[in-house]
Structure formats: structure tokens, C-alpha cells
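Now for the letters of each chain:
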Amino acid sequence: MRKGTGGGRSITEEAELVEVRTEPSRRRWSLLGWGRSRQGGGGACWAGDGAIKEEVGLVETKSGIALLYNEETNNTSDVCLKLTKEVLTIQKLDVVCTRGSVSQLNHRTVVLRRQAAGGLGLSIKGGAEHNVPVVISKIFKHQVADQTGKLFVGDAMLQVNGINVERCTHEEVVHLLRTAGDEVTITVRFLREVPSFLKLPLGSPGACSDQCSRVSSPLFDSGLHLNGNSSSTAPSPSPPSANEPKYEKRWLDAVSLPLLLARVSRYKAGTDKLRSNCFEVFSFDGACTNILQFCTAAESTDWLQAISTNINDLTLENIKIINKYCSSDDQIVHMGWTCECLEGSVAGRTSSYKFLALRGPSFYIFRSPPVSATDWGQAETTYNLYEVLFKVHKLWMAEDCWLQARLYLGLEHSPEQQDCEPLCFSILVGHGQSHTFRVELAGDLAVWEKSFQRAVFMEVQRIRSKSYLCSSQGNVLYFTIDFGSGFTCSEGSSKNILWRYKFSQLKGSSDDGKTRVKLLFKNAETKQIEMKELEFANLTAVLHCIHSFIAGKVASMDPVFMSSLNIAGNYMNS
């Protein structure tokens, strides 16, 4: 039993109003859609799960009740979730001693004086025949067990009148309690994780059969056998001594997960199989919440978005701090967790989580987030940004609010449909290779797409020109892509220019998928199409570079894009 501390709160009813804690924020708007759009300033509102949440600036604080599922033990327990700017705290119910001495073994010994009316005033479930402890499943109000103030639903029975019952069957414990005499001494310990077996509805399988047979079942409450049929109120006991211990049920902090560089996952580990209305949260150091379960898809989505928003906000703050001490050519545009989908059988693809970063001239793939300057030099893979191509997979909803609206209306996809429509993007790199990554929310996909556009544009603007060694009809040539002048081909030795075309003159191309490409240009004077055939060692990288430069040229003439680029840059450097 734990002594009551400032970390707990008294629980008096099952449906409790959970307090909301808020904290100030200096931020007033979101960069490139870091989740659902929000206005600055604070305001409380009701969430779909009945919990209270409040938004202050961009920081969302939220509290509510969920189920925590442990895959190893197959047990579930009610937990209270408390979300703040930097931490997700999981609280579990426990019984604490608020007055008097406390047992070091967290055990309580309680003396029950059986009343003629109402018996012991409790019901039990469980038993050794099902490899679960016998627990108190119900306490009848104003009866003997309730009046002691020392017994609670969820207490596991350890001893009855000095006899150890931890390995007894349900019927054996019922028999001991019924024949223990007028004064029954029981020793109990509160279970923070109650086996799912014991969460069956209260009641009995059939009142008639139960009364006739007088045989109890470990699946159902045995109150009838312990208390009789009378529902009369027992006489009031004498007031407790001032030195007598007093106990209360309270929510106590069990796990506190820092959200900086944390990640969330709705998928079963190593697969592309979605859990229904569930997700896990993993901290930077690998600690996790176990599986958080929710009653509805809407409730699960609401919590997932709230946690993801705070993770993204912390990541953005971290980026701004790093960028403050880096040169303009080494700025971080975006970074975060994704899940890399590895090729495998359709029935069971494997996957692994990777931390991606768009920084300066490169696209980085890490096994874990870089936290020092040395870590940035130890990436698993690095690619030149102007030589990669970003591609979104299939259809996806541009705004999470639309997805949430569908969920609240009961129009959510079935698990089978969700498995077929993951939120994925691919990075196509040189020599025809590629990486495919999966994200949790549509908003995350939008952020990665916009961030790639911005990062590639910035890199093209920085280098301005890129040349590749190539050959044509046995001659060694240089093929140059220049942001200002377009395409130029020159001799390898003398540097004499053989031909030059603007970006607007490129009308088409075809390649053999290996090394050779045919570029079709429109002659500005004759208006005729001229074909130039070239051969490259890494044709894919060259084609991606051409795409990056042309996309950058088009973007530079888009006032909306240029305006958003300036705003984003000013905000990142603020």
C-alpha cells in the first residue's frame, strides 16, 4: 500500500470529471500544417470521448480515461491519460493509505463482522481453476464490507482467517467465507492490472439455476452465496479509531513519457496490420506505453492527433534551436519518424521505423534521431536532395479534420480497407532504387510533401548548376543543367558548347530504363523537334535532377509558393 502523496487524486465515482491542466505557449500559428489548423489563444472544449481538453496557442492539453492492454500478460487496466506540452502521463488506480501506518507488502488485513442482514456485503470473481486470483468484484453500499472503508473492487484475496487462498478455486474460497463464522479476517492486495477474464459483466448466469444448485461460478459474482437474499442495511458500526489506517483509491502516476522525438504507431509491430481503435506511444529512449485502447475510432483518432500535434510542435522547436547555430546552407527543413516498408510477401510485409531528416543539401535516413553533431555523420543512408524524387502513394485525405468527421459519422473504413490504403510516400533515388515510408496521419503526409518541395527548391537555388559526365556516339561530353540558362552540352576536353536549350524548349523524353535517354527539344527558330541522345552512368539521378530544376523553375514563378517560402523561413529563424 502506498502512502498518499501529492501525485494522486481521490476517486469517488466511476465517471469522474478529470481536471485539465494548461500551460502557456508563445506560439500562435502552425508551419505547413502540423496537424489540424488552430487559432491562437486558449479555450476549453469537449472532446468526442467525453474528456476535457484545452488548447493554449498550439499546445493541446487533454485528460481522459482509456484502457491499457499488455500483450505479454493479456491483461487490461483502466488508466487516466494526461497530455501536456512535453509529457504524456499514464496514471493507474491504486489504493493508498492516507492515515496511519502502512504495510510494506501493500497488504491490508480487514476484520468483517457478519451481519444477519446482508452477510459480508461483497461479491467475488475468479479462481485458481482459471489461473487468475480471486478478487472482490462488487461491494454493496452500506453493507459490512463498505462500512470498513478498507476494501475496494479489484482487491485480490490472499488469506481468509489465516488460510492462504491464492491457489484456491472459486468454490473453495466461497466455502471458506460462508463457513468462517461471524467474524471473518481477510487479507487483500489491490490489483492494478485486472485480468480480462474478471471484466465480465456483473450478475449471475441464471438466478434460478444458481439458487437451486447453490453452486457458484468463477465467471460471475458470488454475492448471492456470501450475502443471502436480504438487501437490508446493516447496523452502523462504531466510529473508527483516530489511529486506525484510512485508505482511498487514487490515480497515481505510473508512466511518464517525454514527447520530444517520440513516435506513435497504430500498427502491430513489424507489420502493416492496423490495430482497431488502438495505438502505442514510444519515447526517444525506447520506452513505450503498451497498447492504449479506446471505445471508438473517433476517440482513438482524437487522442492520436492530439499527441502527434504536441510531438510535432516539440520537433519544430528543436529544429529552430539547431538552425539558430547553423549556416544558411545547413538548415533543417523537416525531420521526424516514419516506418519504412520493406518488400516482402503480401500476407506479411515487414517494416522498421526510421528517422528522416531534410537538412541542407541532403536527405538523411537514421535508425534513431541524431542528438549530437557526431550523430549527423552516422546516418544509415544519405542522398543528394536534387537527385531524389518524392512520390505520394494512392489517394489520401488532405485534411485530418475530414477523416475525423467521417469517423464521428460512423463512416470509417473497415480494418481490411485501411490495410489496403496506408498513408505512404516513396523516395526514388539513383540506379532505380527507392524507399517507401508510411506515416500515421494524413497531415503528416502533407507536411513531408511540402517539406520536400521546399528543401529541393532551396538546394537547387543554392547550387544553381549541376554537370554530369556522359557520352554520345563514343564522345565524352558534359551535360549541364543550369537554373538560369537551361540545358547545355559541351565537349569533355575543350569545353566547347555543342548545343544549348532553355527549359521551356524541352518537349519530351524517353529512356531505356538503364543508361540511355533521348531528349526532345523544340528549335526556337525552325520550330522543329530536335532529338539529342545521351548515355549516363547513373541515368536515374540525372532524370531526377532535371525534374528538380524544372520544378524549381516553375515554383520560382509561383507567387503563392514564394510567399509561403519566405514566411516559413522567417518563422523557422525567429
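For the structure, see preceding data.
Residues numbered from 1 in each chain as written. Predicted model: local features only at pLDDT ≥ 70, side-chain atom pairs only at ≥ 80, totals over all residues. Heavy atoms only, no water.

J.: When you look at the overall build of the protein in this model, what are you seeing that I'm missing?
T.: A count of helical and extended segments in the protein gives 11 helices and 31 strands. When burial is assessed residue by residue, the protein has 46% of its 574 residues classed as buried. Summarising the internal contacts of the protein: among those between residues at least 6 apart in sequence, 61% fall at separations of at least 24. For the protein, the exposed surface amounts to about 27,900 Å²; the carbon and sulfur share of it is 52%. (Helix = DSSP H or I, 4+ residues; strand = E, 2+ residues; numbered from the N terminus. Buried < 20%, exposed > 50% of the residue type's maximum accessible area, 1.4 Å probe, protein only. Contact = heavy atoms within 4.5 Å. Areas by Shrake-Rupley, 256 points an atom, 1.4 Å probe, with all protein chains shown as cover.)

J.: I'm lost on the pairing of strand β24 (residues 434–439) in this one. Help?
T.: The side chains of a regular strand alternate, residue by residue, between the two faces of the sheet. The element β24 is extensively covered by neighbouring structure, given that five of its six residues are classed as buried. One ladder, built from two bridges, connects strand β18 (residues 332–342) with β24; its direction is antiparallel. The residue of β24 that forms the bridge with C339 is R438. Both strand β23 (residues 423–428) and β24 contribute to a ladder of six bridges, which runs antiparallel. Considered in β24, the bridge of I427 is made with H435. (Pairing = 2+ DSSP bridges.)

J.: Just checking my understanding: could you explain the pattern of salt bridges for this structure?
T.: Oppositely charged side chains can form a pair if their charged atoms are brought close together. Using the criterion set out here, one finds 14 salt bridges in the structure. Among the salt bridges present, the one from K354 reaches E380, with a minimum N-O distance of 3.0 Å. With K354 in strand β19 (residues 350–359) and E380 in the loop between α6 (373–376) and β21 (381–384), the pair connects residues that are 26 residues apart, well separated along the chain. By sharing partners, the salt bridges in this structure join E340, K354, R367 and E380 into a single network. (Salt bridge = Lys/Arg side-chain N within 4 Å of Asp/Glu carboxyl O.)

J.: Can you help me understand the packing of aromatic side chains in this one?
T.: Remark: the centre distance and the inter-plane angle together describe each pair of aromatic rings, the angle taken between the planes. Under the criterion given, the structure shown has 22 aromatic pairs. Pairing Y364 with F366 gives two aromatic rings, centres 5.6 Å apart and planes at 10°, and the pair type is stacked. In this structure, Y364 and F366 share a single accessibility class: buried. With centroids separated by 5.4 Å and ring planes inclined at 90°, the aromatic side chains of F366 and W376 adopt a geometry described as edge-to-face. Residue F366 is located in strand β20 (residues 362–366), and its partner W376 is located in helix α6; the two are separated by 10 residues in the primary sequence. The rings of F479, F487, W499, Y501, F503, F521 and F536 are connected pair by pair, giving a single aromatic cluster. The ring of Y468 has K466 sitting right over it, with the charged end atom 5.3 Å from the ring centre. Over the aromatic face of F483 sits the side chain of K553, whose NZ or CZ is 4.8 Å from the ring centroid. (Phe/Tyr/Trp six-rings, centres within 6.5 Å; stacked < 30°, edge-to-face > 60°. Lys NZ or Arg CZ within 6 Å of the ring centre and 35° of its normal.)

J.: I tried to follow the nonpolar core on my own but got confused; where do I start?
T.: It is characteristic of soluble globular proteins that their nonpolar side chains tend to be buried jointly. Counting residues in hydrophobic clusters, the biggest one holds 44 residues, and the most contacted among them are F363, F452 and F479. Residue contributions to this core peak at seven residues, all from helix α9 (residues 442–463). Residue contacts for F363: discarding those within four places in its chain leaves L356, A357, L358, T381, T382, Y383, L385, I427, F437 and F452. If you look at the next biggest cluster of nonpolar residues, it comprises 23 residues, including I124, V144, M157 and V184. (Core = buried A, V, L, I, M, F, W, Y, C linked by side-chain atoms within 4.5 Å.)

J.: Got a minute to help me understand helix α10 (residues 539–556) in this structure?
T.: Three- or four-residue spacings in an α-helix give side chains the same orientation, since the helix completes a turn every 3.6 residues. Over its 18 residues, α10 runs 26 Å from end to end, which matches the ideal 26 Å to within 8%, given 1.5 Å per residue. Of all the positions in α10, only L539, A541, V542, H544, C545, I546, S548, F549, G552 and A555 are classed as buried. (Expected span 1.5 Å × (residues − 1).)

J.: In this structure, what is going on with the packing of α9 against α10? I would like to understand it.
T.: To characterise two packed helices, one gives the angle between the axes of the helices and the distance between these axes. Interhelical geometry of α9 versus α10 gives an angle of 100° and a closest axis separation of 9 Å. On the basis of their axis angle, the class for α9 and α10 is roughly perpendicular. Of the residues in α10, those touching α9 at V456, F457, V460 and I463 are S548, F549, G552, A555 and S556. For the contact of α9 with α10, the class distribution of residues is six nonpolar, three polar and no charged. (Axes fitted to C-alpha atoms, helices over the stretch in contact; angles between N-to-C directions. Parallel < 35°, antiparallel > 145°, perpendicular 65-115°, else oblique. Nonpolar A, V, L, I, M, F, W, Y, C, P; charged D, E, K, R; others polar.)

J.: Any chance you could explain a nonpolar patch on the surface here in plain terms?
T.: Nonpolar side chains collect at one region of the surface, where L520, I529 and M531 lie side by side and expose about 270 Å² of accessible area between them. Position of I529 relative to the elements: it lies in strand β31 (residues 529–536). (Patch = residues over 30% accessible without salt bridge, like charges linked within 9 Å, V, L, I, M, F, W, Y side chains within 5 Å.)

J.: Teacher, can you tell me more about the sheet that holds strand β27 (residues 486–491) here?
T.: Where strands meet in a sheet, backbone hydrogen bonds hold them as pairs that are either parallel or antiparallel. Across the sheet, which stays open at both edges, the seven strands sit in the order β28-β27-β26-β25-β31-β30-β29 with antiparallel pairing between neighbours. Two strands close off the open sheet at either side, each with one partner strand: β28 (497–501) and β29 (506–511). Adjacent strand axes in the sheet meet at a mean angle of 30° when their direction is disregarded. Here β29 pairs with strand β30 (residues 516–522) via five bridges, running antiparallel. Paired with S510 across the bridge in β30 is K518. Against the sheet, α10 engages β25 (465–472), β26 (475–482), β27, β29, β30 and β31, with an angle of about 30° to β26.

J.: Honestly, the sheet that holds β19 in this entry has me stumped. Any pointers?
T.: The seven strands are arranged β21-β20-β19-β18-β24-β23-β22 in an open sheet whose pairing can be described as antiparallel. Of all strands in the sheet, those bounded by a partner on one side alone are β21 and β22 (389–392). Across this sheet, the average inter-strand angle for adjacent strands is 30°, counted without regard to direction. One ladder, built from five bridges, connects β19 with β20; its direction is antiparallel. By the bridge assignment, A357 is partnered in β20 with Y364. In the packing of α9 onto the sheet, contacts are made with β18, β19, β20, β22, β23 and β24, and the angle to β18 comes to roughly 125°.

J.: Honestly, unusual backbone geometry in this entry has me stumped. Any pointers?
T.: For residues other than glycine, phi is negative in most cases, and the peptide bonds are mostly trans. Of note in this structure, H431 is not a glycine but carries a positive phi near 60°. According to the relative accessible area criterion, H431 is exposed, its value standing at 59%. One non-glycine residue, R464, adopts positive backbone phi at about 65°. Turning to its location among the elements, R464 is positioned in the loop between α9 and β25.

J.: Honestly, the environment of I427 in this entry has me stumped. Any pointers?
T.: Of note, I427 is situated in strand β23. Sequence spacing of I427 and Y383 is 44 residues, and the spatial spacing of their C-alpha atoms is 10.0 Å. Each residue touching I427, except ones within four places of it in the same chain, is listed here: F363, V388, L389, F390, Q433, S434, H435, F437 and F452.

Structural measurements only, silent on function.
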